[in-house]
Amino acid sequence: MNFKDEIVIVTGSTRGIGREIAESFAKEGASVIIIGRNVDLAQATQEELIRQGYRADHFCCDVTNGQNVQEVVNKILDKHKRIDILVNNAGITKDNLLLRMSESDWNDVLNVNLRGVFNFTKAVSKAMLKAKKGKIISIASIIGITGNIGQANYAASKAGIIGFTKSVAREMASRGITVNALAPGYIETDMTAQLKDTTRQEILKNIPLGRLGTPSDVIGVCLFLASQEADYITGQTIVVDGGMAI
Ligand code: NAP
């Protein structure tokens, strides 16, 4: 797939799935904008991509802060003139059973995972609508479809992304902008490194393909949804879960 000279924002691209998504777009010729809260990590990620001969920039931004997000998007537009693709990837977990879940753990997860998607999508939408061009992909989760014990906040945030995606896809379709979501199963990153061994064994029993995914398992679908080949696909959630939710 060719993304030569496309401007691609990937939120939460300092680590994990987001970092691999950013690198994959860069390998296909895109100019990628790294977004994270940690300035050193964001800068190091940009420098590493440039060292490999790719085009990259970075901006430090907390996706939960709408004003901060709009300022960063304005700076990106000033510098790069347009935004072709947005990947809403930043996300966190704060797991607990409902009875033990604090209001702050609920708020934190909803703020990063759902408000963050709202903030970035809204901030880029004006430029995309004006250009009559754009692809928006948000990383949901299989948990937003199946639910999971101990993840009421996370599941609600990811189910929220799926409903948000369908609505915004309808709003933006007349301008040729597509809006889709991707729902990974369990993927090997810092997020799943926290899983206890017993939990990991239980999870594996429920994955027909017999292994956790890797970030590279997710990338193909993300690049496809951002490509011209997917111009007639909008409002969809594509599951990449090794068969977990069959
Ligand atoms: P990860 O390794 O923990 O990385 C999360 C990324 O999000 C980091 O770059 C982090 O950067 C950034 N981030 C967190 N809070 C942020 C905020 N407030 N503002 C800006 N950036 C923020 O996570 P991952 O496993 O790659 O997950 C990536 C996405 O995939 C998430 O949406 C997650 O829910 C989803 N997902 C993951 C799995 C899985 O099994 N791993 C499965 C399904 C879905 P800083 O900390 O530097 O800010």
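What you see is a predicted model; the values in this text were computed from it and never measured. (Residues numbered from 1 in each chain as written. Predicted model: local features only at pLDDT ≥ 70, side-chain atom pairs only at ≥ 80, totals over all residues. Heavy atoms only, no water.)

Focus: the site of the ligand
Part 1: By nearness alone, 30 residues border the ligand, and Thr-14, Asn-89, Tyr-154, Ile-187 and Thr-189 come closest of all.
Part 2: Here an oxygen atom of the ligand sits 2.8 Å away from a polar atom, N or O, in the side chain of Arg-15.
Part 3: In this structure, Ile-17 approaches the ligand through a main-chain N or O atom, which is 2.8 Å from an oxygen atom.
Part 4: At the level of secondary structure, the elements contributing two or more residues to the shell around the ligand comprise α1 (16–27), α6 (152–172) and α7 (190–193).
Part 5: By residue number, the principal contributor to the shell around the ligand is α7, which donates three residues.
Part 6: Classifying every residue of the shell around the ligand by side-chain character gives 13 nonpolar, twelve polar and five charged. (Near = heavy atom within 4 Å. Polar contact = N/O pair within 3.5 Å; in protein donor to acceptor, adjacent residues only side chain to side chain. Helix = DSSP H or I, 4+ residues; strand = E, 2+ residues; numbered from the N terminus. Nonpolar A, V, L, I, M, F, W, Y, C, P; charged D, E, K, R; others polar.)

Quick word on the packing of aromatic side chains
Part 1: All chains considered together, the criterion is met by one aromatic pair.
Part 2: For the pair Phe-3 and Phe-25, a centre-to-centre distance of 5.0 Å together with 70 degrees between the ring planes defines the contact as edge-to-face. Of the two residues, Phe-3 is situated in the segment before β1 (7–11) and Phe-25 in helix α1; the sequence distance between them amounts to 22 residues.
Part 3: Judged by relative accessible area, which is 0%, Phe-25 ranks as buried. (Phe/Tyr/Trp six-rings, centres within 6.5 Å; stacked < 30°, edge-to-face > 60°. Buried < 20%, exposed > 50% of the residue type's maximum accessible area, 1.4 Å probe, protein only.)

Some details on the sheet that holds strand β4 (residues 85–88)
Part 1: Taken in spatial order, the seven strands of this open sheet run β3-β2-β1-β4-β5-β6-β7, and their pairing is parallel. Looking at which strands have only one partner, the edges of the open sheet turn out to be β3 (55–60) and β7 (237–240). Direction aside, neighbouring strands of the sheet carry axes that sit 20 degrees apart on average.
Part 2: Lying on the sheet, helix α9 (residues 215–226) is in contact with β4, β5 (135–139), β6 (178–184) and β7; it crosses β6 at an angle near 170 degrees. (Pairing = 2+ DSSP bridges. Axes fitted to C-alpha atoms, helices over the stretch in contact; angles between N-to-C directions. Contact = heavy atoms within 4.5 Å.)

Brief notes about the pairing of β1
Part 1: Burial within β1 is extensive, with five of its five residues counted as buried.
Part 2: By the alternation rule, side chains of β1 split into Ile-7, Ile-9 and Thr-11 and Val-8 and Val-10, which are all buried.
Part 3: With five bridges connecting them, β1 and strand β2 (residues 31–36) associate as parallel partners. Residue pairing in the sheet places Ile-7 in a bridge with Ser-31 of β2.
Part 4: Pairing geometry for β1 and β4, over three bridges, is parallel. Bridging from a neighbouring strand, Val-8 pairs with Ile-85 of β4.

Regarding α9
Part 1: Look at α9: 17 Å from first C-alpha to last across twelve residues, which is about the 16 Å you get at 1.5 Å a residue.
Part 2: Of the positions making up α9, those classed as buried are Pro-215, Val-218, Ile-219, Val-221, Cys-222, Leu-223, Leu-225 and Ala-226.
Part 3: Residues of α9 that are buried make contact with α1, β4, β5, β6 and β7. (Expected span 1.5 Å × (residues − 1).)

A short note on the pattern of salt bridges
Part 1: In total, this model carries 14 salt bridges according to the counting rule given.
Part 2: When the shortest N-O distance is used, the salt bridge between Asp-57 and Lys-79 registers 2.9 Å. Of this pair, Asp-57 sits in strand β3 while Lys-79 sits in helix α3 (residues 66–80), placing them 22 residues apart in sequence.
Part 3: The class of Asp-57 is buried, set by a relative accessible area of 7%. (Salt bridge = Lys/Arg side-chain N within 4 Å of Asp/Glu carboxyl O.)

These results come straight from atomic positions and should not be treated as a statement about function.
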